Every structure is written in structure tokens, then in C-alpha cells.
Amino acid sequence: MDSPQMFINERAKLWFAKYATTGGSTGRGIGMWRSKSSSDIERLFFNTRWGEVGYKGDRSAVLRVGAEGIRRLHEHPVFKVGKTTMLSPYHISRENISSIARSLAGSDFEFIHAYAAVFLELTYLLKQNNPTPPRNVKAIFLGSEPVTIEQLNIMHDYWKCPIVCHYGLTERTILGFYRYQPGDQSISYKLERLYSIFENSAGSAEVVGTGLWNEVMPLIRYRTKDHGLIVDDTISSLQGREQDFLIDRHGAKISGMSIVINEPTWSRVRQYQIRQRTPGKIELCIVPRHGILDESFKKYVLDQQIGRWGDFFDIILTVCDSIPLSPSGKSKMIDVRISD
């Protein structure tokens, strides 16, 4: 991030390459150069894994809910680009859901490719007004941000189709896929051996990867700052990014992704975020789905978390009007900012 030019292959011809940047979950961006051939090869991996549920590459019509579809608030949230139907993640709200539902019902997509958090919200809003989805789809593809089993259970209950999640990094150093099955208790990503060389860093569960295809900007033994135990080419327990670990009152690190929000809570809560500013203390920020939350429900939510995590943290509950999406339309579930 400090000197990206130092990581570019000195023989690379950049005028044939693509450049992309990301804000990054740390808030600090990284710029990546990649050749068209490496981009095409990566697409083959997706076409193969998504193809297991009927996806046929450019021939398939897709609903995309992600950064590419962001529109200004006065613009219509649904629009078409070629065979792709775009839905602006910033527009997914109670005020817009009737218009969105009508537009989706009139569209021709067969698959959905989305960020998990905003798609969960879309699912809840649609479910409130339509007991059945506006369209029957063949599969849902989720990526680019963390997802939990509880979220997948809710999505599958409404859409009743296969859900395929992928794990990958903008740096293109590792790639894995997970296909949800009803009854699953955890998420395990099967990593692609032909895509990269991967391992856990010595003495830890940090994921380290070396991509095999980006000859323009090869990153060798790239430390991802993601933590998950790799066993038999599978990340069996993806605990999340290093910056998403919470510090308990004893000074130990605990993955924020391990904090569970159960389905009764989701029925009345639209968004949530775990915030930490002081070791040993966390704040659970929740956004009501409908109006004001009564004291008994707030006590229920807080007691749920104290029962699980009271030995590790002092926990408070805060009701918020909103939790803003990132500039790319993602939702940050864990927000840790502890001064050194």
C-alpha cells in the first residue's frame, strides 16, 4: 500500500493491464494491477463453480446488488446493463421496496449476485410485502463481505434455491467457495489449488496466499490478515480480518464474527454493528426494523449477548437510526477502533 510500484513486474506492459483500487476493510486502500488474461482465468473459476448450479457465464441473466449498481437517491434503483439487472444497494429501504419489487418482478434475471448484508435486508423487506419472491431464481451468489449461517438460513427460507458463497481478496492471492446446505452449522470454504498456493502462517491461523495467475503484479506469500484454520484445502473456521478481532477484559483476542444475532432478533432489527473503543467493553448498535423497540425486547437482545459473552466483555446496547453503508455499498458488522 505504501509503494505499489515496487510490486509490479518490471517486464509488465501496463497499457494492456487493468487497475483497480479498494477502500479496504481497514479503511486504507490498495491498488492492484492485473492483466486481462488473469482476469479471464479468474472468471473461469467462477464460471466452473457457479456452473454447478446452472450458471452459464455471459449467457446467464443476473441481478447484481453491489457497488456497480450504486445510483443517486433521486434515480430509480433498478436499471439494466446488457443482460445484467442492477439494483442500487443504497436504495434498499422500506420507502423504495414496492417500486423495487415491481421492477424485479418485471425483470428477466435467473441468478442473483450480491453483498450478503444488503441482500439480507432486501430479503426481509420483500418478505414483509410478498410471501413469495418476485421472481424464481436458480441460485444466489454471495461475496465481498462476511456472511453468517444465521443470515444464510433466512435467505434460503425465502428464496428456496442454492446459495454459493465465495471467499477471495482484491489482491487475488486466494479463492474458495462454499455451497450452503440447509442444516449446516458452520461455513467452510473449499480453496482452489489451481488458483493459488495457500497456507497458514507459522504458529497462527493467519491465511497466507500466493496467486498463480497475475503476472503483472505477483504478490508472493501475501499475508492476508484473515484468520481461519486451513485443513485439507478447506478453511474450516474463517474468523475474519485481524482488525475485526475484539479485545476482551483479559487482553485476549476474540473474533467479532463469532457474535451471533439470532432469527427472533433479526425479525425486529434491520441492521446491527459491534463497536469497540475500549478493551473489555463492546457496544451492540442495532437499528429497529419497525419504529421504537420496547424495553422488554431490548433487554432480551442484551441478555442474549451477556449470556454468551458476559465473562469476556462489559456489554451495552444502543439503538441507532441507521448504520451507514460504505462508499462501495457494503455493511461493516464489526467496528474496532482502539487507541494504542
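The structure presented is a predicted model; accordingly, all values stated were derived computationally and were not measured.

Colleague: How should the environment of T265 be read in this particular structure?
Modeller: By secondary structure assignment, the location of T265 is in helix 5 (residues 263-266). Residue classification places T265 among the buried positions, given a relative accessible area of 5%. Linking T265 and Y300, residues 35 residues apart in sequence, is a C-alpha distance of 8.8 Å. When near neighbours in sequence (up to four residues on either side) are disregarded, T265 contacts F297, Y300 and V301.

Colleague: Help me understand the packing of aromatic side chains in this model?
Modeller: Centre-to-centre distance and the angle between the planes together describe a pair of aromatic rings. Throughout the structure, instances matching the rule amount to 16 aromatic pairs. Where Y167 meets Y189, the ring centres are 5.8 Å apart and the plane angle is 45°; that geometry is what we call tilted. In this pair, Y167 is assigned in strand 8 (residues 163-168) and Y189 in strand 10 (residues 189-191), connecting sequence segments 22 residues apart. For the pair Y167 and Y189, a shared accessibility class is recorded, and that class is buried. With centroids separated by 6.3 Å and ring planes inclined at 65°, the aromatic side chains of Y178 and Y189 adopt a geometry described as edge-to-face. Of this pair, Y178 sits in strand 9 (residues 175-179) while Y189 is found in strand 10, placing the two residues 11 residues apart along the sequence. One exposure class covers both Y178 and Y189, and it is buried. Through a chain of ring-to-ring contacts, the aromatic side chains of F46, W50, Y55, F111, F141 and F177 assemble into a single cluster. The positively charged end of R268 is found above the aromatic ring belonging to F297, 4.3 Å away from the centroid.

Colleague: Would you explain the pairing of strand 17 (residues 269-278) in this entry?
Modeller: Side-chain positions along a regular strand alternate between the two faces of the sheet. Two strands pair when backbone bridges link them, and strand 17 and strand 18 (residues 281-288) are joined in this way by seven bridges, in the antiparallel orientation. Considered in strand 18, the bridge of I274 is made with L284. Between strand 17 and strand 18, which pair antiparallel in sequence order, lie two residues; one of them, G280, sits at a positive phi of approximately 85°. Inspection of the sheet shows strand 17 paired to strand 20 (residues 334-336) by three bridges, in the parallel sense.

Colleague: Honestly, the sheet that holds strand 19 (residues 314-319) in this entry has me stumped. Any pointers?
Modeller: Across a sheet, strands are paired by hydrogen bonds formed along the backbone, either parallel or antiparallel in direction. In spatial order, the strands read 19-18-17-20; together these four strands make up an open sheet with mixed pairing. Sheet topology places strand 19 and strand 20 at the edges, where each strand pairs with a single neighbour. The average angle at which neighbouring strand axes cross in this sheet is 20°, direction not considered. As paired elements, strand 18 and strand 19 share six bridges and run parallel to each other. In the sheet register, C285 faces strand 19, and the bridge partner there is T318. Sheet contacts for helix 6 (residues 295-309): strand 17, strand 18 and strand 19; angle to strand 19, the most-contacted strand, approximately 155°.

Colleague: Explanation requested: the side chain of S88 in the structure shown.
Modeller: With respect to the helices, strands and loops of the structure, S88 is situated in the loop between strand 5 (84-87) and helix 2 (97-105). A polar atom in the side chain of S88 sits 3.2 Å from the backbone nitrogen of R71. Setting aside residues no more than four positions away along its own chain, S88 makes contact with G69, I70, R71 and P77.

Colleague: Got a minute to help me understand the pairing of strand 6 (residues 111-114) in this structure?
Modeller: Alternating residues of strand 6 divide into F111 and H113 and I112 and A114, and every residue in both groups is buried. Judged from the four bridges that link them, strand 3 (residues 62-65) and strand 6 form a sheet pairing that is parallel. Its bridge partner lying in strand 6, V65 is registered against A114. In terms of strand pairing, strand 6 meets strand 7 (residues 139-142) through four bridges, oriented parallel. Across the sheet, the residue bridging to H113 is F141, located in strand 7. Crossover connection from strand 6 via helix 3 (residues 116-129) to parallel strand 7: handedness right-handed.

Colleague: Would you mind going over the packing of helix 2 against helix 3 with me for this structure?
Modeller: To characterise two packed helices, one gives the angle between the axes of the helices and the distance between these axes. Where helix 2 meets helix 3, the closest approach of the two axes is 10 Å, and the angle between their N-to-C directions is 90°. On the basis of their axis angle, the class for helix 2 and helix 3 is roughly perpendicular. Contacts from I97, I100 and A101 of helix 2 reach helix 3 at L122, L125, L126 and N129. Among the residues making up the contact of helix 2 with helix 3, the classes are represented as six nonpolar, one polar and no charged.

Colleague: For this particular structure, what's the right way to read the pattern of salt bridges?
Modeller: Going through the model one piece at a time under the given rule, you end up with 19 salt bridges. Among the ionic pairs, E121 bridges to R289, the shortest N-O distance being 3.3 Å. Here E121, found in helix 3, pairs with R289, found in the loop between strand 18 and helix 6; they are 168 residues apart in sequence, far enough to count as distant. Relative accessible area serves as the criterion here: at 1%, R289 is assigned to the buried category. For R193, the salt bridge is made with D233, and the minimal N-O distance between the two is 2.8 Å. Of the two residues, R193 sits in the loop between strand 10 and strand 11 (196-200) while D233 sits in the loop between strand 13 (222-231) and strand 14 (234-241), which places them 40 residues apart along the sequence. R193 gets classed as exposed once you look at its relative accessible area, which sits at 57%. When salt bridges with common partners are traced through the structure, they connect R34, E42 and R172 into a single cluster.

Rules used in this analysis
- Starting from 1, residues in each chain are numbered consecutively following that chain's sequence as written.
- In view of the model being predicted, local features appear only for residues whose pLDDT reaches at least 70, and side-chain atom pairs are presented and counted only at 80 or more, with totals across whole chains, interfaces and linings using the full set of residues.
- To get the side-chain values, all heavy atoms of the structure are used, and hydrogens and water are removed first.
- Helix and strand definitions here come from DSSP, where helices need a minimum of 4 consecutive H or I residues and strands a minimum of 2 consecutive E residues; each element is numbered from the N-terminal end.
- Partly exposed describes any residue whose relative accessible area lies between the buried limit of under 20% and the exposed limit of over 50%, with all areas from a 1.4 Å probe on protein chains only and scaled to the type maximum.
- When checking whether two residues touch, look at their non-hydrogen atoms; a contact exists if any pair is within 4.5 Å.
- Aromatic pairing here means that ring centres of Phe, Tyr or Trp (its six-membered ring) are within 6.5 Å. Orientation follows from the plane angle: under 30 degrees is stacked, over 60 is edge-to-face, and everything else is tilted.
- Any Lys NZ or Arg CZ that is within 6 Å of a ring centre and within 35 degrees of that ring's normal is treated as a charge sitting over the ring.
- In this description, strands pair whenever DSSP reports at least two bridges between them.
- Interaxial angles span 0 to 180 degrees and are taken between N-to-C directions of axes, which are lines fitted to C-alpha atoms, for helices over the stretch in contact.
- Here a polar contact means two N or O atoms within 3.5 Å. Within protein one must be a hydrogen donor candidate and the other an acceptor candidate, and residues neighboring in sequence count only if both atoms are side-chain atoms.
- Handedness of a crossover: with both strands directed away from the viewer, a clockwise path from the first strand across the helix to the second marks it as right-handed.
- An angle counts as roughly parallel when it lies under 35 degrees, as roughly antiparallel when it exceeds 145, as roughly perpendicular when it falls between 65 and 115, and as oblique in every other case.
- When residues are sorted by character, Ala, Val, Leu, Ile, Met, Phe, Trp, Tyr, Cys and Pro go into the nonpolar class, Asp, Glu, Lys and Arg into the charged class, and all the rest, Gly among them, into the polar class.
- For this document, the term salt bridge refers to a Lys or Arg side-chain nitrogen within 4 Å of an Asp or Glu carboxyl oxygen.

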